[in-house]
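# Coordinates in review
Here is how the chains run, residue by residue.
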Amino acid sequence: MAFDSKFIDYGVIKVEGDKVKLYSTSSNHIYISVGKSVTNAVWSGDTLNVYLSDGKVRRYSSPSSYTTV
């Protein structure tokens, strides 16, 4: 299941240690538990790029599906 467009359209992401918090409104959000230390996360179209502290990048196509670059 791909990301709901309301998360992509709102565009706000907050990194919290090994989790990424995606907002769809100012008071509604979901967490993606990455399991490794995250340094940055940015939208690239409908894909979420999550940068890990070990230098790897995970490309999330949905909250539960990713590939490592």
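Up top is the structure.
Residues numbered from 1 in each chain as written. Predicted model: local features only at pLDDT ≥ 70, side-chain atom pairs only at ≥ 80, totals over all residues. Heavy atoms only, no water.

## Examining the pairing of strand S6 (residues 57-62)
The test is simple: A pair of strands counts as paired when DSSP detects no fewer than two bridges linking them. Each helix is a run of DSSP H or I of at least 4 residues and each strand a run of E of at least 2, with the numbering of both proceeding from the N terminus.
In terms of strand pairing, strand S5 (residues 47-52) meets S6 through four bridges, oriented antiparallel. Each residue of the ladder has a partner; that of Leu48, found in S6, is Tyr60. From the end of S5 to the start of S6, which pair antiparallel, there are four residues, and Gly55 there has a positive phi angle of about 95 degrees. Relative to strand S7 (residues 65-68), S6 is paired through four bridges, and the arrangement is antiparallel. Counterpart to Ser62 in the pairing with S7 is Ser65.

## Digging into the sheet that holds strand S4 (residues 38-44)
Put simply, the rule reads: Axes here mean lines fitted to C-alpha atoms, for a helix over just the part in contact, with angles spanning 0 to 180 degrees between N-to-C directions.
On the basis of which strands lie adjacent, the open sheet formed by four strands has the order S4-S5-S6-S7 and antiparallel pairing. With partners counted over all chains shown, the strands left at the sheet margins are S4 and S7, one partner each. Taking the axes of each pair of neighbouring strands and ignoring which way they run, one obtains an average angle of 25 degrees across the sheet.

## Points about the sheet that holds strand S1 (residues 13-16)
Reading across the sheet, the three strands line up as S1-S2-S3 and stay open at both edges, with antiparallel pairing between neighbours. The open sheet has two free edges, formed respectively by S1 and strand S3 (29-33), since each of these has just one partner strand. Strand-to-strand twist across the sheet, computed as the mean angle between neighbouring axes with direction ignored, equals 20 degrees. In the sheet, S1 pairs with strand S2 (residues 19-23) via four bridges, with the strands oriented antiparallel.

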